[in-house]
Amino acid sequence: AKRVTTVIVDEVKAAKFYFVIIDSTIDIGRVDQFSLSLRYVTSEGNAVERFIMVAKLPGASAEEFYKLLLQCLQSLGIELKHCRGQAYDGASVMSGNLTGLQTRVKEISPEAMFVHCCAHNLNLCLIDSADCCVNSKLFFGTLETLYTFVTSSLPRLKVLEAEQQNELQKTILTLKRLSDTR
């Protein structure tokens, strides 16, 4: 992992300018995880996007995101002043014009243009597309009802696990609540 990170950091330093992509999600242990990826152009002229790290996010404020971003970049020896772009979700903590992360990054690197993350944009488009289709609303509504029915009863969950064991003879899968992201 250290070798791969070293190669990526060397490529970023050779490119000089880069783009940060930051997100956070709460993991199964209810720990807020900060993820950092960098986008840059290699010396061969290829635009690449590289996942850099995941770190525990101590809080959910723009200041906490900013401090952690600075720590991560400093630990890699990458200067924030060379950042030319930033992509986050649309939450005000990230994209806010007054006190959001994007504003704090622009204080150090005024050329760091903010764009709404492509993956988040795609997710929003898919949600809206599925929401206007009667068949998809019925399908996802049925899935949610099925989830509620099965998970609201321990005996029903045990029947599902037993049937999976008989049919799959592998690891028992768990049901997950329907969400816009899934």
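Check the entry above for the structure.
Quick caveat, the model's predicted, so the values are computed rather than measured.

Q: Which parts of the structure should I look at to understand the nonpolar core?
A: Here is a general trend for soluble globular proteins: nonpolar side chains tend to be buried in one another's company. Within the largest apolar cluster, 30 residues are counted, with the highest numbers of intra-cluster contacts made by Tyr18, Ile22, Phe34 and Leu36. Those elements giving two or more residues to this core turn out to be α1 (2–15), β1 (18–26), β2 (32–41), β3 (47–56), α2 (62–76), β4 (83–88) and α4 (101–108). Among the elements that line this core, the one with the most residues is α2, at seven residues. In contact with Leu36, other than residues within four places in its own chain, are Val20, Ile21, Ile22, Phe51, Ile52, Met53, Leu69, Cys72 and Leu73.

Q: What am I meant to see in the pattern of salt bridges here?
A: Any two side chains of opposite charge can pair, so long as their charged atoms come close to each other. Scanning the entire structure with this criterion turns up six salt bridges. Between Arg84 and Glu111 there is a salt bridge; the shortest N-O distance is 3.6 Å. Separated by 27 residues along the polypeptide, Arg84 in strand β4 and Glu111 in the loop between α4 and β5 (113–116) bring together distant segments of the chain. On the basis of relative accessible area, Arg84 is assigned to the partly exposed category, the value being 30%. Note that Lys158 and Glu161 form a salt bridge whose closest N and O atoms lie 3.7 Å from each other. Here Lys158 and its partner Glu161 are both found in helix α7 (residues 154–168), three residues apart, which amounts to about one turn of the helix.

Q: Would you mind going over the sheet that holds β5 with me for this structure?
A: Ordered by their spatial adjacency, five strands build an open sheet running β3-β2-β1-β4-β5, and the pairing between neighbours is mixed. If you trace the sheet from one side to the other, it starts and ends with β3 and β5, each paired once. Taken over all neighbouring pairs, the strand axes of this sheet differ in orientation by 25° on average, direction set aside. Here nine bridges tie β2 to β3, and the two strands are oriented antiparallel to one another. Following the sheet pairing, Leu36 is matched in β3 by Met53. Packing of α1 onto the sheet brings it into contact with β1, β2 and β3, and relative to β2 it is tilted by some 50°. The strands touched by α4 within the sheet are β1, β4 and β5, with β4 carrying the most contacts at an inclination of about 175°.

The rules behind each value
- Residues numbered from 1 in each chain as written.
- Predicted model: local features only at pLDDT ≥ 70, side-chain atom pairs only at ≥ 80, totals over all residues.
- Heavy atoms only, no water.
- Core = buried A, V, L, I, M, F, W, Y, C linked by side-chain atoms within 4.5 Å.
- Buried < 20%, exposed > 50% of the residue type's maximum accessible area, 1.4 Å probe, protein only.
- Helix = DSSP H or I, 4+ residues; strand = E, 2+ residues; numbered from the N terminus.
- Contact = heavy atoms within 4.5 Å.
- Salt bridge = Lys/Arg side-chain N within 4 Å of Asp/Glu carboxyl O.
- Pairing = 2+ DSSP bridges.
- Axes fitted to C-alpha atoms, helices over the stretch in contact; angles between N-to-C directions.

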